[in-house]
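Coordinate analysis (summary)
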Amino acid sequence: MNASAVRRLTVAQALVEFLAHQYTERDGRRHRLINATWGIFGHGNVAGLGQALLESGPDTMPYLQGRNEQAMVHAAVGYARQNNRLAAQAVTTSIGPGATNLVTGAALATVNRLPVLLLPGDTFATRPADPVLQQLEVPYAGDISVNDALRPVSRYFDRVMRPEALIPAALQAMRVLADPAETGAVTLALPQDAQAEAFDWPEEFFADRVWHVRRPAPEAVEVAAAVRTVRAARRPLIVAGGGVHHSEAEEALRALVDATGIPVASTQAGKGSLRYDHPADIGGIGHTGTAVADDLARTADLVIGVGTRYSDFTTASATLFADPAVRFLNLNIAPFDAHKLAATTVVADARAALEALTAELAGHRVDEAYEAEYRTGKAAWERRVDAAYAAADETARPSQTQVLGALDAVVGDEDVVINAAGSLPGDLHKLWRARSPRQYHLEYGYSCMGYEIPGAIGVRLAAPDRPVWALVGDGTYLMMPTEIVTAVQEGININIVLFQNHGYASIGGLSEATGAERFGTAYRFRDADGQYTGDPLPVDLAANAASLGMEVLRAKSVRELREALAAARASDRPTCVYVETKTADTVSGAPEAQAWWDVPVARTATRPAAVKAREDYDRQAAARRRHL
């Protein structure tokens, strides 16, 4: 190899240069695959990737400073989702706790099928001193480090022990990140000495490389079988999942629905696949679904899953699809998901599959009585939404659903609303009126407390012209408010709506329903018996947000809340709207669950609440079935 064909760089420098030349392409549009690198530096990466990012400069690889390693992954995931998985970000950490802090974020990315590149530092490849600071010693294996905890939550994992090993590892990493059926967290563990090692790299390694994000077309035989299945159905129901958004298939879905009249229910990830006011959009499905969607699911003879993985919330823990003759038709790019529930399969890109199905179903439409039925159910549910949003007394403290109603009155089609955990996902899935495909951003595959604020930062980085709202309960806020500092530092204009309801509202309700009597779920002082049932804690989360640099608006009534939300949307700096919700027991005011969710209840107990809860559990579980 002659000298003109190589470039001498460290492993870290070579990796940064390589990443700067990676692109995705779909439908003739090119996107830079890795747009920026988040990093917190320590002895495992400061002299490797830290030095490389400094030397390369922001034109080659923009750098973003985070405060918590898990949060940096959340921000990168929000960025990738907003970009329909066509662009992603990298995250680098030191060894030890910095690396293990990545595990939760990696699990979230992989569960949700969203790309993120993780670059944790690792212990020495050459072992000049053993152990080093923060090294895990495993008596039976010398080649294990804490980074191995990332293996089960990564779609691809490699440890780059020598410089030349970076070339195949980096190429495999890009392949997985750009693969719509395989994507998720990708980990390249980088020993700290290997990062700083120099090597003569072939120039071809740094050439622009375009990874085509394929849209596999469906096979004719599968489309034919799908068409026969749809034509034979009397009460078909579409379940739209996140794959509709990832493949930008919203228009194709609407074309199918307009032609056939088949109603569409949506998972948390799929909400917004149809605009809320489309006549065939019947809202969320499953445990947090609408009455009309769940009623139709119980009587459907064909369920058409589009880009969904059928979580237990969607299927109501295998109790929802109750018709004895129900069958499933799944359109999914991942064979693993397509074959669930013993379905007839169309393994293909969601948009391509929907377009093929629409063409072959020309002239077919569901019965007019069926359309009238679900439209009547939709109208009835909209009245329930109106009631949940309404406030009879504008001077009173709002309920949680009234907060959503006030926000609904302020946002436009371009706004993005972000949430992940607590009681809000259920309220939002039932009630939120999604006005555009990317307005509703719920991370509910992993339902990770702490996602909302960093996720909002990632979304805003991906869509700087869209107002972004992170809806955060006090429990979630206390887990991870750190990236407020990042938003302030970088001038990333996000809005936080901070709900103070004095505890874990969602788990409190679940605890009560399962006979655990809200044990350990309230944020209160202990009473005389040592239980957490005393006065609420005198914490001031609004003051905390202000101390981290946010503009804070306090709202004590429905009227003040509307004014504060409008002011936040108009603000040019990160803004927090703080509101204490109405009820001490954190009841949100939303309609109750329209379908079951399986959380096992104690089989033996002496407390009456648990005994009754077990009786209810046995009754509900009796309806569970396997679809074979």
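Reference entry: report on the structure contained in this document. (Residues numbered from 1 in each chain as written. Predicted model: local features only at pLDDT ≥ 70, side-chain atom pairs only at ≥ 80, totals over all residues. Heavy atoms only, no water.)

The next thing to look at is the overall build of the protein chain. Scanning the protein chain for helices and strands turns up 24 helices and 23 strands. Relative to a compact globule of 628 residues, whose C-alpha radius of gyration would be 25 Å, the protein chain shows 25 Å and is just as compact. Principal-axis analysis of the C-alpha atoms gives the protein chain an extent of 75 × 70 × 55 Å. Taking as baseline every contact in the protein chain between residues at least 6 positions apart, the subset at least 24 positions apart corresponds to 77%. Side chains of the protein chain give 61 positive and 74 negative charges; the mean places of these two sets differ by 4 Å. (Helix = DSSP H or I, 4+ residues; strand = E, 2+ residues; numbered from the N terminus. Rg over C-alpha atoms; globule rule 2.2 N^0.38 Å. Contact = heavy atoms within 4.5 Å. Lys, Arg positive; Asp, Glu negative; His and termini not counted. Charge placed at Lys NZ, Arg CZ, Asp CG, Glu CD.)

The amide bond that connects D130 to the next residue, P131, takes the cis arrangement and shows omega of 10 degrees. Residues other than glycine seldom take positive phi values, yet H502 does so here, at roughly 65 degrees. Inspection of the secondary structure assignment puts H502 in the loop between β21 (495-500) and α21 (505-513). On the basis of relative accessibility, which here comes to 15%, the residue H502 falls in the buried class. (Buried < 20%, exposed > 50% of the residue type's maximum accessible area, 1.4 Å probe, protein only.)

Further remarks concern the sheet that holds strand β6 (residues 88-93). Strand order in this open sheet of six strands is β5-β4-β6-β7-β9-β8, and the pairing throughout is parallel. Only two strands of the sheet have a single partner each, and these edge strands are β5 (63-65) and β8 (156-159). On average, each strand axis in the sheet is tilted by 20 degrees relative to the strand beside it, whichever way the strands run. Each of β6, β7 (116-122) and β9 (185-191) touches helix α5 (residues 102-111); the most contacted strand, β7, lies at about 155 degrees to it. (Pairing = 2+ DSSP bridges. Axes fitted to C-alpha atoms, helices over the stretch in contact; angles between N-to-C directions.)

Most of strand β16 (residues 327-332) is tucked away, with five of its six residues classed as buried. One ladder, built from five bridges, connects strand β15 (residues 302-306) with β16; its direction is parallel. Across the sheet, L302 pairs through a bridge with R327, a residue of β16. In terms of strand pairing, β16 meets strand β17 (residues 344-347) through four bridges, oriented parallel. Across the sheet, residue L331 finds its bridge partner in β17, namely V346.

Here we take up helix α14 (residues 350-360). Residues three or four positions apart in an α-helix share a direction because the helix packs 3.6 residues into each turn. Of all the positions in α14, only A350, A352, A353, L354, L357 and T358 are classed as buried. In this structure, the buried side of α14 is in contact with α8 (220-232), α9 (242-246), α10 (250-260), β15, β16 and β17. Capping of α14 at its N-terminal end is provided by D349; its side-chain oxygen lies 3.0 Å from the backbone amide nitrogen of R351. (Polar contact = N/O pair within 3.5 Å; in protein donor to acceptor, adjacent residues only side chain to side chain.)

For the pair helix α16 (residues 400-410) and helix α17 (residues 424-431), the least separation of the axes is 11 Å and the interaxial angle reads 50 degrees. Here α16 lies oblique to α17, going by the angle between them. Note that α16 runs across α17; the crossing there is right-handed. Residues Q400, T401 and L404 of α16 form the contact with α17, whose own contacting residues are L424, D427, L428 and L431. A per-class count over the contact of α16 with α17 returns four nonpolar, two polar and one charged. (Parallel < 35°, antiparallel > 145°, perpendicular 65-115°, else oblique. Left-handed = near helix turned anticlockwise from the far one by under 90°. Nonpolar A, V, L, I, M, F, W, Y, C, P; charged D, E, K, R; others polar.)

The strand order across the open sheet built from six strands is β19-β18-β20-β21-β23-β22, with neighbouring strands paired in parallel fashion. Where the open sheet ends on each side, the last strands, each with one partner, are β19 (440-442) and β22 (551-555). Here the average twist between neighbouring strands, direction ignored, is 20 degrees. Here strand β18 (residues 416-419) runs beside strand β20 (residues 468-473); their pairing, made up of three bridges, is parallel. Residue I418 lies in a different strand from β20, and its bridge partner there is A470. Running over the sheet, α17 touches β18, β19, β20 and β21 and is turned about 150 degrees from β19.

Orientation of helix α3 (residues 69-82) relative to helix α18 (residues 452-462), taken along the N-to-C sense of each, is 40 degrees, at an axis distance of 7 Å. As summarised for this structure, α3 and α18 are arranged oblique, according to the angle between their axes. Between α3 and α18 lies a crossing of right-handed hand. Touching A71, H74, A75, G78, Y79 and Q82 of α3 are P454, G455, G458, V459, L461 and A462, all from α18.

Take the packing of aromatic side chains next. One pass over the structure, following the stated rule, counts twelve aromatic pairs. Look at W201 and F205: their rings are 5.8 Å apart centre to centre, the planes differ by 20 degrees, and that puts the pair in the stacked class. With a relative accessible area of 0%, W201 lands in the buried category. What links up through ring pairs into an aromatic cluster is the set F18, F199, W201, F205 and F206. When the ring centre of Y23 is taken as reference, the NZ or CZ atom of R30 above it lies at 5.3 Å. When the ring centre of Y440 is taken as reference, the NZ or CZ atom of K271 above it lies at 5.5 Å. (Phe/Tyr/Trp six-rings, centres within 6.5 Å; stacked < 30°, edge-to-face > 60°. Lys NZ or Arg CZ within 6 Å of the ring centre and 35° of its normal.)

Structurally, K378 can be placed in helix α15 (residues 368-389). Taking relative accessible area as the criterion, K378 reaches 12% and is therefore assigned buried. Residues K378 and D281, 97 residues apart in the sequence, show an inter-C-alpha distance of 7.9 Å. Non-local contacts of K378, meaning those with residues more than four positions away in its chain, are made with Y276, D277, H278, P279, D281 and V292. At a separation of 2.6 Å, a polar atom in the side chain of K378 contacts the main-chain carbonyl oxygen of Y276.

A full pass over the atoms with the stated rule returns 39 salt bridges. R159 serves as the salt-bridge partner of D148, at 2.8 Å between the closest nitrogen and oxygen. Residue D148 is located in the loop between β7 and β8, and its partner R159 is located in strand β8; the two are separated by eleven residues in the primary sequence. Taken as a pair, D148 and R159 share a single burial class, namely buried. (Salt bridge = Lys/Arg side-chain N within 4 Å of Asp/Glu carboxyl O.)

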